[in-house]
Structure formats: C-alpha cells, structure tokens
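Notes for the structure review
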Amino acid sequence: MSKVQLYVYDLSNGLARQLSRQLTGRQIDGVWHTSVVVYGKEIFYGQGISITAPGQSHHGQPLQVVDMGETAIDEATFHEFLDEMREHYTADKYHLLDFNCNSFTNDCIGLLTGGSIPDWIKDLPSDILSTPFGAALRPTIDAMFRRPVPGAQPSVPVIQPQAASAAAAASPNPALASTLLQAVANQAFSSQSATAATNALSNGRSSNSSIATVAAPIHICTNTASFHNVLSTHRAVIAMFTSQTCPPCRMIEPVFERLAHERTQNAVVGGGGGIAFVKVDLGAGMANTVAGEYGVRVTPTFLFFKDGTKAHEMKGANAADLQSQIDFLLWETYPPHPHTQKSISALDSVSTDPILFTQVPALDTVLAKLTSFIDKSSLPPTSSQATKHTLTNKIVPWLKARFPVIKPTNAVKTPPASSQLLSHWTETTRELCAVLPPTELFPLVDMWRLALLDGSVANYCTSSPRSTTDPVQLLLVQGVANMGQAVPARNYTLTLLRMLSNVFSSPALASAMVKRRALTTILVNNLLHDDAVVRTAAASLGFNVAAFVQKERLEQVRQKYGPFAKSEEDGDWEVEIVSAVIEAIQNEKDSEEIVHRLVACLAFLLRFSPVHDSHVGSLLEVLQAKETLKSKLNSSGFSPNGVKGPALQKLITQVADQLC
C-alpha cells in the first residue's frame, strides 16, 4: 500500500484572501491549485502533465497537505494511466474554471483511492461564478483560455481590454481585478510547468498530441468518482459516451459542444445546482467502468440525468433528437416560473431605479449641532478635539466639495474620497457611537447618507468587513438599539432609513446589505411607524430592497434555466418581508404615496419569487392579501373613498388579480 496525499497551493499568493470581499462581496481564501503526491513523486496538470519531486515544483511548498488515504495500485499501473491521460490533459485544453489542475487530481484520486478531492476545492469555480463580478468575469476567462485550434501551441493567457469590459462594470476596482486574474493565469501557466512536463516526458514517456480542443462548458470524466461527483453537484447532466475511433462521434461532437455552450450560457449555475455536459471517452483511463455501470456498449450514446437519476438514453448521431432531448431535460428540471406568462402592464411601467434621498443639508448647521453634542459627551478632551478636527477640517470640506449646493459652471471634478479619509471618518463614527445616544447621532448619520451617493464611499463600505470598520453596520447596530428604547428617537430612525435607501445607489453595496438581519429588522419595525414621514422613508427602503431583489430574479428568468433560491433562509426572509408589507398596506389609510410604494414593493417580491409555492402562496391566502389590496380601492381601506390615482388603482387591481 502506498500513501496518497493532496498538495494544495494558492495561485493568487494570498491576494484572493485580501481582495476577494472587495471585488466579489464574498470571502474567498484562495485560488486553489492541487497536485497528487504518491510513490515519492508530485504529479500535477498545467501545461500538460508534470512530474517533480514533492515540493520542488515552481509552486514551491504547499499551503496545505491533505491525507487522501492509501492505494493498492502499483506504480507501473499508475504510470500507464498517466500515459493515457496525456492525450486528454494537454496544455491547449486547460481552462482556469472548467478543466484544470483540480480536474486532473480528482481523476487521479478517483483511480488511486476511489475518492475525490475536497468540496471546498471542487466548488470554488461555482462559488466565484455565483457572484455578480464572477458572472461578468466568465467571458473574460473564456477568452483567455479557450483555444479554437486543435492542438494549438499554448502560451500564457493575456487579458484583452475588450474582453474585460463586462467584468470591469461589475467590479468596484477593475484594474485590481485584472491584476489579480492575470497573476493567477501566469501562475497556472508558468513556463516552469512546461519545463517540468517536458522533463517528465523525456524520461521515457511519450505524449500524443491533442486530438481536439475541448470547449470550456464540457466536463471530462475518466472514472466513476469524477462522474458521480458531476451527478451530485448538478441537477441536469447530459453525458456523451464517445470513442476516438468512432466516425459518428466525430460528426455529432461539434453539435454537442455547441449545445453545451449555448445551454450553459443560458443557465444560472451555482449553489450545488446547475447544468453539466460531460464527455466520457471509453479509451481514457477507467472510463470503461463508467460505461459498464450504465450499460453503455456503443458510441455515441447520450445519457440524460435529472437530480442524479438517469431519465433517458439516446444512441446514434441524430442532431435534432439530441437537441430536443436536451431541451426537454432542462425544461423538466427547471420549469419556467409560472408568473412569466402573466401580463402586469401596470408593474412594468414602474421604474426599478432606487428611491434616493439626495437633498444636500446645510452642512455647517449639521456640523454645529453634532459638535455641540460632542462637547457635552463623555469623550476625553483630547479625543473630543481630535474628533471635531476630523469632522471640521476633513469630512465636511470634502462633502461640500463633492456635493455643492450651487454647482459652478466650470467646476473641477472633486477627487474620490481617499481610503485614509474614510478610515478616519469610520473611526470617528465608532467613537461617537460609543458615547452619544441615538438622539444625538442623527447629524452624523445624515453626513453618511449624503456620502453614500458617492461611488468611492460606497465601494469603501462594500469592502469593509462587517465589524467595527464598517460604518454602515455601526449605524445599523445603533438603529436596532434605538428600537429597543421605550421611546425610539424619531430623528435617528428617519435619517437612518434614508441613509439605508441610499445604499442602493451602489449595486455592489446593495448586494452586500440587502438581506442583512439588522436592515430587515429596521425595515419591518418601521413600516408601521406612527409618523407618516418615517413610514414614507421605510416604504422607500422596502421598495429599494424589493426592486433590487427582482432585478436579480428577472435576470435569472431571462437566462431561462437554473435554480433561484440559494437556501431555506431565502424563504424565511421573504415570508417576513411580505407579511410586514401586507400589514403595512392594510394599516395605511392616509398616504397614497406610501401605498403606491408598498404595493410596488409587494409586487416585486411576488412576481418571480423562487419560494412562491413552498412559502408565499399559502401565506397570501392566510393574510387575505387579495382582499387587503382591493380594499384600498374603496372607503373600507383608504380614506375617504379609496385611492384616487389611476396608475395606483390599476397597479392594485393587477397585483391583486395576477399575483395574489
């Protein structure tokens, strides 16, 4: 028995851990490269299959060593397996996301131990692609790694400006994102890897040239472990069993690759779901065991799996039948949302742009009020002076320059807020939150409300960890504490709701904030506030939350295939919000503006709800949502004789009839 280990490296050299939250809104600890260590050698895939002494590759020492067990397979048999794999794991087929070092090590581990590499390594591409930045970056990565010429000579991939434009729009720092991606590509495609491969091949093992360049959306499976892994991580799987000596296979293969590209481009993949196209070459590795398990004896044979269970089998090279069977499987796995067929013209005419509070206050007056509170606080004199200096000489001057009350005709563009300025301001905010009650903090919140309309401030808040360095979270915590008071401070509540509405001026910050517990708590509790002005601000925040959520869902519906809800918590969150909005609509009898925003909010939540059948549908019946909405059309629900605006009347009628 020989020991089998997995060496794990970080291709980003720590950059992913430092920058991922800023770029993607999610913590990603590394861009993982793996290799197999067995029989005293380290084997990995980059520019072909490479063999070195353990820890002596260009990647240096591993970040982590994972014990994968032992193997009873002898070294000679393993090298025969590697010789066969060299025809498939060629440099021109390498793809950073879909066919990489981890694909290779998973095949090796499957042969040696019958297991597979850890999920946190296998699932990394899905984790990245499930973020807005990752999804926008996908075409750039494809452009870097897909090589259309079979057997093309590999070279280090380079990001082209035109290919990166979509990703840049989704990133708060496109230059930084480009640098990180290029660094990862250089590491993955290091020339030393090619040298190692060449040396390995010269030591008695020849390599056949690539037979065909594999399209990026297609998985390659050469053993049962890797095949079962694809089945367990994708809801819909289409597997093509092929052979290099099969002429019909060569005829249908371009059709299969085209359909794979088109259908995965139209999919929302991630969260353990999604669609996978798989090639199983019966002459590669242990692929015959996969064929034997499913009774495949001829090529080409196509197997169609739904939720891990074989649903259909097709033999032969009929392109029309193949497309029909693929589309039927995807329709059956991901049926269209039932509301896509409903016509709600009144809702379609409602803009989904966020409601923002852009009024520039008299900043000198705001500052004077805040400093008067600071003077009466328990801050030590030196800290008090430093805090007032920061506000008076740094923060307020920048706000005045960035948001002038009267815009000069030939104004010089104000530079973005520096990270140093924002760091000082955040520290000042933390100190003041510790010593001032909510009744005296509202001038500070009003400054942040205005500042969040600037992209550099929003990006700073997006990249800040959710702790004492996140100013929005600091003020949210104070807002939750304020609600626990016998008489919550109205001025703080109102200003905080307006500040949170302005969060939605930045899609990245909105994505990071939209379902935070504290924000939901503040929203739900203030939809029923006694003060109409506060209720208006709460309804505005609710509108922004629902509009943002609907935009994400609408994009998924337009893309046709794929799972919506990522977890059970999504359903619980939606039940809480919908319940609060319906109760607020029921209680609002005076302001048409509030009713309009609340009804639009409810409609946005319901229209493409991923949990409509499991959570929301029965709730609407229990809460009598339809009756509540229609009551607003007469005196029983709105004083004195029902809402008067024709647009609102039409919206209420259509939402009640079509969505409730």
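Residues numbered from 1 in each chain as written. Predicted model: local features only at pLDDT ≥ 70, side-chain atom pairs only at ≥ 80, totals over all residues. Heavy atoms only, no water.

A look at the overall build of the chain
Counting secondary structure elements, the chain contains 29 helices and 10 strands. The buried share of the chain, taken over its 660 residues, is 54%. In the chain, 75% of the contacts between residues at least 6 apart in sequence involve partners at least 24 apart. As displayed, the chain has an accessible area near 27,700 Å², and 52% of this comes from carbon and sulfur atoms. (Helix = DSSP H or I, 4+ residues; strand = E, 2+ residues; numbered from the N terminus. Buried < 20%, exposed > 50% of the residue type's maximum accessible area, 1.4 Å probe, protein only. Contact = heavy atoms within 4.5 Å. Areas by Shrake-Rupley, 256 points an atom, 1.4 Å probe, with all protein chains shown as cover.)

Some details on the environment of Asp 107
Residue position: Asp 107 is located in helix α3 (residues 101–113). Since its relative accessible area comes to 1%, Asp 107 is described here as buried. A C-alpha to C-alpha distance of 7.5 Å links Asp 107 and Cys 221, two positions 114 residues apart in sequence. If sequence neighbours within four positions are ignored, Asp 107 has contacts with Phe 81, Tyr 89, Ile 220, Thr 222, Asn 223 and Ser 226. Side-chain polar atoms of Asp 107 contact the side chain of Tyr 89, separated by 2.6 Å. (Polar contact = N/O pair within 3.5 Å; in protein donor to acceptor, adjacent residues only side chain to side chain.)

Description of the packing of aromatic side chains
Each aromatic ring pair is described using two quantities: the centre-to-centre distance and the angle formed by the ring planes. In the structure shown here, the tally under the stated rule is 17 aromatic pairs. Look at Trp 425 and Trp 448: their rings are 3.7 Å apart centre to centre, the planes differ by 10 degrees, and that puts the pair in the stacked class. Of this pair, Trp 425 sits in helix α17 (residues 419–435) while Trp 448 sits in helix α18 (residues 438–451), placing them 23 residues apart in sequence. These aromatic residues form a ring-pair network of at least three members: Phe 227, Phe 241, Tyr 294 and Phe 305. Over the aromatic face of Phe 403 sits the side chain of Arg 402, whose NZ or CZ is 4.7 Å from the ring centroid. Positioned over the ring face of Trp 573 is Lys 515, at 4.6 Å from the centre of the ring. (Phe/Tyr/Trp six-rings, centres within 6.5 Å; stacked < 30°, edge-to-face > 60°. Lys NZ or Arg CZ within 6 Å of the ring centre and 35° of its normal.)

Examining the pairing of strand β8 (residues 275–281)
Here β8 lies mainly inside the structure; seven of its seven residues are buried. Here strand β6 (residues 218–220) pairs with β8 via three bridges, running parallel. Of the residues in β8, the one forming a bridge with His 219 is Val 278. (Pairing = 2+ DSSP bridges.)

A closer look at the pairing of strand β4 (residues 48–52)
When a strand is regular, its side chains alternate between the sheet's two faces. Taken across its five residues, β4 has five buried, putting it largely inside the fold. Bridging between strand β3 (residues 41–46) and β4 involves five bridges; their strand directions are antiparallel. If you follow Gly 46 over to β4, its bridge partner there is Gly 48. Linking two consecutive strands that pair antiparallel, namely β3 and β4, is a turn of one residue.

Considerations on the pattern of salt bridges
Across all of its chains, the model carries 24 salt bridges by this definition. Ionic pairing is found between Lys 41 and Glu 75, a salt bridge with its closest N-O pair at 2.9 Å. Taken together, the positions of Lys 41 in strand β3 and Glu 75 in helix α2 (residues 75–85) put the pair 34 residues apart, joining distant regions of the chain. For Lys 41, a relative accessible area of 27% translates into the label partly exposed. A residue is classified by how much of its surface remains accessible, and Glu 75, at 30% relative accessible area, is partly exposed. Asp 470 serves as the salt-bridge partner of Arg 516, at 3.0 Å between the closest nitrogen and oxygen. In this pair, Arg 516 sits in the loop between α22 (507–513) and α23 (517–526) while Asp 470 sits in the loop between α19 (455–463) and α20 (471–483), placing the two residues 46 residues apart along the sequence. Three or more residues are tied together by salt bridges with common partners; here these are Arg 258, Glu 262, Arg 263 and Asp 327. (Salt bridge = Lys/Arg side-chain N within 4 Å of Asp/Glu carboxyl O.)

Some remarks on unusual backbone geometry
The residue after Thr 299, namely Pro 300, is reached through a cis peptide bond having omega -5 degrees. Going from Ser 639 to Pro 640, the amide bond is cis rather than trans, its omega being -10 degrees. Assignment of secondary structure puts Pro 640 in the loop between α28 (625–631) and α29 (646–659). You will see that Tyr 39, though not glycine, has its phi angle at about 55 degrees, which is positive. By secondary structure assignment, the location of Tyr 39 is in the loop between β2 (32–38) and β3. A relative accessible area of 17% means that Tyr 39 is categorised as buried. You will see that Asp 307, though not glycine, has its phi angle at about 50 degrees, which is positive. Its place among the elements puts Asp 307 in the loop between β9 (301–306) and β10 (309–315). You can call Asp 307 partly exposed: its relative accessible area is 43%.

Focus on the sheet that holds β10
Reading across from one edge, β6-β8-β7-β9-β10 is the order of the five strands in this open sheet, with mixed pairing throughout. Two strands bound the open sheet, and with one partner strand each, they are β6 and β10. When the angles between neighbouring strand axes are averaged without regard to direction, this sheet yields 25 degrees. Sheet topology places β9 next to β10; six bridges connect them, and they run antiparallel. Bridge assignment links Thr 301 to a residue of β10, and that residue is Lys 315. (Axes fitted to C-alpha atoms, helices over the stretch in contact; angles between N-to-C directions.)

Section: the packing of α17 against α19
One way to put it is that α17 packs onto α19 with a least axis distance of 11 Å and a crossing angle of 65 degrees. Taken as a pair, α17 and α19 cross one another with a handedness that is right-handed. Every residue of α19 that contacts α17 at Ser 419, Leu 422, Ser 423 and Thr 426 is listed here: Ser 456, Val 457 and Tyr 460. Looking at side-chain class alone, the contact of α17 with α19 contains three nonpolar, four polar and no charged residues. (Left-handed = near helix turned anticlockwise from the far one by under 90°. Nonpolar A, V, L, I, M, F, W, Y, C, P; charged D, E, K, R; others polar.)

What about the nonpolar core?
With 104 residues, the main nonpolar core has Leu 399, Trp 425, Met 447, Val 457, Met 499 and Leu 500 as its most contacted residues. In this structure Val 457 touches Trp 398, Ala 417, Leu 422, Trp 448, Ala 451 and Leu 452, once residues within four positions along its chain are discounted. The next biggest cluster of nonpolar side chains, apart from the first, holds 54 residues, and it includes Tyr 39, Ile 218, Ile 238 and Leu 259. (Core = buried A, V, L, I, M, F, W, Y, C linked by side-chain atoms within 4.5 Å.)

With respect to the confidence of the model for the chain
Averaged over all residues, the pLDDT of the chain equals 83, while 80% of them reach at least 70. Summarising per-element confidence for the chain, the mean pLDDT is lowest in helix α9 (residues 191–202) (40) and highest in helix α21 (residues 490–502) (97). Across residues 147–154, confidence stays below pLDDT 50; counting only partners more than four residues off in sequence or on other chains, it has 19 contacts. Low pLDDT (under 50) marks residues 158–169, which in the prediction has 17 contacts with non-local residues, meaning those over four places away or in another chain. (pLDDT = per-residue confidence, 0-100.)

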